[in-house]
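Secondary and tertiary structure notes
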Amino acid sequence: MSIRVRFAPSPTGYLHIGGARTALFNWLYARHTGGTFILRIEDTDEARNSQEAVDVILSGLRWMGLDWDEGPQTGAANGPSKGERGPYFQSQRKAIYQKRVQELKEKGLAYDHEGAVKFRMQREPVVIPDLVVGNVTRELTDREKMDPDFVIVRSDGQPVFHLVNVIDDLEMAITHVIRGEDHLSNTAKHIALFKAFGVAPPNYAHIPLILNKDGSKMSKRDTGASLTGYIEEGYAPEAVVNYLSLLGWSPKGNREVVPLKEVIELFDLPQVLRHNARFDLDKLHWINGEYIKGMDAPRFGQLAQEALVAAGVSTAGCDAAYVAAAFATAKEKVKQFREIPAFTDFYFKDAIVPDAEAAAKSFVPENKPRVEKLRAAFAQIAAFDAVSLEQTLKAICAELGVKAGVLVAPVRVACTGRSVGPSLYHLMEILGKERVLKRLDAALTKMD
């Protein structure tokens, strides 16, 4: 059997971290089995849908690296990226739904009711075979026993979720429905609809919910609930994907940093855990730091460059070697890429505007003669490298009878505008003699 799975979000808001995890599990299963991963936008609720929400879903999946395998050659409203098919949109499939509703009516399994269309639900209990939860028997509630039939087309002509979800899974030959456990309550209706169409339902795998650290259900207002937040905070996509893969699934050995290639090799539905997953932002933060430490220079540089662009900092006019050297000084310092501008933006500015508090502490009159003496010594250095700069500063401090920190602080603020940052001697080497002397001159004018 050729495995076919899908992720079917509704574009009514942001991409919840639970939805991102569902998309990931489907994608991992498709890649593990050599199957097909389909993206389907369930946009039949015209009153609540928005193009902005569609864009958030697509950009979030692309950021995570979750590519889908089939869809229309040309995208719908926002169009696909180069070489990428567009996702399926339910709003473009209305004729298919109408035809299937008519089929149910002709079989006597659907009927008009007060302007809507209702489905004749079976009266006996429905057994739901589930690859994660196990067999679940869904009995009719007391209220449903009175009238178990349910609406499949509203009075305004819009088909409901239950109907279009099943029809699309049927039409797209979905073999496995991997979704959150909160959908388990819908599954009896879906199985009944598949039976009504004369088709065996797909295999169901309802994955555990994601809870907050305290065990409460994660809502859209909770910290960490939106995937967009991780993009804006500067997390590495591979770290987020790694962490999400561990929410409800576990590799052997209880490892926490597992490369994606290995996750794909190991991931399978029997290993999905039964109990709910608890979201731990501290653990994600730690995993992100581990990924940053292990990144090669090109990947680190790519994400660092994106962080600078987002902060409005341009590296235009700087050669590649200079930019790479600048980023290298920040690699051991940052835990998230949103910190990159604070550690590197000074490399790409002509003039430095010092932090007011840092300047007040360092740009004091008693430091002026000290910095002037150091500036003169720096101007005489033949090889403007980190070793020579450190030796020179310490020699001047010894001559003045002060500790190194007395000069390190004002020089750092003069060069970077801040009291903390990369190694002072290395950043000065990268800035070069001309820039360093110019910045020291500007700082000296503020020490009167």
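For the structure itself, consult the block above.
Please read all numbers here as calculations on a predicted model, not as lab measurements.

Another aspect to go through is the sheet that holds strand β8 (residues 150-153). Strand pairing in a sheet relies on backbone hydrogen bonds, with the paired strands running either antiparallel or parallel. The strand order across the open sheet built from three strands is β4-β5-β8, with neighbouring strands paired in antiparallel fashion. Single-partner strands in this sheet number two, and they are β4 (110-113) and β8. Between one strand axis and the next, the sheet turns through 45° on average, direction left out of account.

This part covers helix α3 (residues 94-106). In an α-helix, one full turn covers 3.6 residues, which means residues spaced three or four apart are oriented alike. Helix length check: α3 (13 residues) gives 19 Å between terminal C-alpha atoms against 18 Å at 1.5 Å per residue, within 8%. Taken together, the buried residues of α3 touch β4, β5 (116-119), β8, α5 (161-171) and α6 (187-196). Just past α3, the residue G108 takes up positive phi, approximately 75°.

Among the six residues of strand β2 (residues 36-41), six are classified as buried, and the element is accordingly described as predominantly covered. Side chains of β2 alternate between two faces, with T36, I38 and R40 and F37, L39 and I41 buried alike. Two elements, strand β1 (residues 4-7) and β2, share four bridges in a ladder whose sense is parallel. Residue pairing in the sheet places V5 in a bridge with F37 of β2. The parallel pair β1 and β2, bridged by helix α1 (residues 17-33), forms a crossover whose chirality is right-handed. Sheet topology places β2 next to strand β3 (residues 88-89); two bridges connect them, and they run parallel. Directly across from I41, in β3, lies its bridge partner F89.

With that out of the way, let us pick up the packing of α5 against α6. Between two packed helices, what matters for the description is the angle formed by their axes and the separation of those axes. The geometry of α5 relative to α6 is characterised by a closest axis approach of 10 Å and an angle of 55° between their N-to-C directions. Judged by the angle between their axes, α5 and α6 are oblique. When the axes of α5 and α6 are compared, the crossing they make is right-handed. Together, F161, H162, L163, N165, V166, D169 and L170 of α5 and K189, H190, L193 and F194 of α6 make up the contact between the two elements. Per-class residue counts for the contact of α5 with α6 are six nonpolar, three polar and two charged.

A few words on the packing of α3 against α5. It is at 10 Å that the axes of α3 and α5 come closest, and there the two elements cross at 100°. The orientation of α3 with respect to α5, classified from their angle, is roughly perpendicular. Of the residues in α5, those touching α3 at I96, Y97, R100, V101 and L104 are L163, V164, I167, D168, L170 and E171.

Strand order in the open sheet made by the three strands is β1-β2-β3, with parallel pairing throughout. A strand with exactly one partner marks an edge of an open sheet, and here the two such strands are β1 and β3. Across the face of the sheet, α1 comes into contact with β1 and β2 while running at roughly 160° to β1.

The next subject is the pairing of β4. Bridge count between β4 and β5: four bridges; the pairing is antiparallel. Across the sheet, the residue bridging to Y111 is K118, located in β5. The turn joining β4 and β5, which pair antiparallel and follow one another in sequence, is formed by two residues; a positive phi near 50° is taken by E114.

On to the pattern of salt bridges. One pass over the full model with this rule turns up 30 salt bridges. Put simply, D282 and K213 hold a salt bridge, and the shortest N to O gap is 3.8 Å. Taken together, the positions of D282 in helix α10 (residues 281-294) and K213 in the loop between β11 (210-211) and α7 (227-233) put the pair 69 residues apart, joining distant regions of the chain. We note that D282, like K213, is exposed. Close ionic contact of D448 with K368 constitutes a salt bridge, the shortest N to O distance being 2.4 Å. Within this pair, whereas D448 is found in the segment after α19 (433-444), its partner K368 is found in helix α15 (residues 368-380), the two being separated by 80 residues in sequence. D448 gets classed as exposed once you look at its relative accessible area, which sits at 69%.

What follows is about the packing of aromatic side chains. Under the counting rule described, the total for this entry stands at 13 aromatic pairs. The interplanar angle of 65° and the centroid separation of 5.1 Å between the aromatic rings of F25 and F267 together place this pair among those described as edge-to-face. With a gap of 242 residues between them, F25 in helix α1 and F267 in the loop between α9 (260-266) and β12 (277-278) connect regions that are remote in the sequence. The exposure class of F267 is buried, given its relative accessible area of 0%. A centroid spacing of 6.2 Å and a plane angle of 80° characterise the contact between F378 and F384, whose relative ring orientation is edge-to-face. Like F384, F378 is buried. Ring pairs connect the aromatic residues Y322, F327, F346, Y347 and F348, which therefore count as one cluster. Over the ring of F25 we find R21, and its NZ or CZ is 5.3 Å from the ring centre. Here K189 stacks its cationic end above the ring of F150, 5.0 Å away from the centre of that ring.

Conventions and cut-offs
Positions within a chain are numbered from 1, following the residues in the order the chain's sequence is written. Side-chain atom pairs in this predicted model are given and counted only at pLDDT of 80 or more, local residue features only at pLDDT of at least 70, and totals for whole chains, interfaces and linings cover all residues. To obtain the side-chain values, all non-hydrogen atoms of the structure were included, while hydrogens and water were left out. Here, strands pair whenever DSSP counts at least two bridges between them. Only DSSP runs of H or I covering at least 4 residues are called helices, and only runs of E covering at least 2 are called strands; the numbering of each starts at the N terminus. Interaxial angles span 0 to 180 degrees and are taken between N-to-C directions of axes, which are lines fitted to C-alpha atoms, for helices over the stretch in contact. A helix is expected to reach a length of 1.5 Å times the quantity of its residues less one. Contacts are residue-level and defined by heavy atoms, with any inter-residue pair within 4.5 Å sufficient. Accessible area is worked out with a 1.4 Å probe on protein chains only. A residue is then buried under 20% of its type maximum, exposed over 50%, and partly exposed in between. Orienting the strands away from the viewer, one traces the path from the first strand over the helix to the second; a clockwise path indicates a right-handed crossover. Convention used here: angles under 35 degrees read as roughly parallel, angles over 145 as roughly antiparallel, angles from 65 to 115 as roughly perpendicular, and any remaining angle as oblique. Left-handed is the label given to a crossing in which the near helix is rotated counterclockwise from the far helix by less than a right angle, and right-handed is the label when the rotation is clockwise. Gly is put with the polar residues, along with every residue not named as nonpolar or charged; the nonpolar set is Ala, Val, Leu, Ile, Met, Phe, Trp, Tyr, Cys and Pro, and the charged set is Asp, Glu, Lys and Arg. In the sections that follow, a salt bridge refers to a side-chain nitrogen of Lys or Arg positioned within 4 Å of a carboxyl oxygen of Asp or Glu. Side-chain rings of Phe, Tyr and Trp (the six-membered ring for Trp) are treated as a pair once their centres are within 6.5 Å; stacked means planes under 30 degrees apart, edge-to-face means over 60, and tilted covers the remaining angles. Distance and angle both matter: a charge sits over a ring if NZ of Lys or CZ of Arg is within 6 Å of the ring centre and within 35 degrees of the ring normal.

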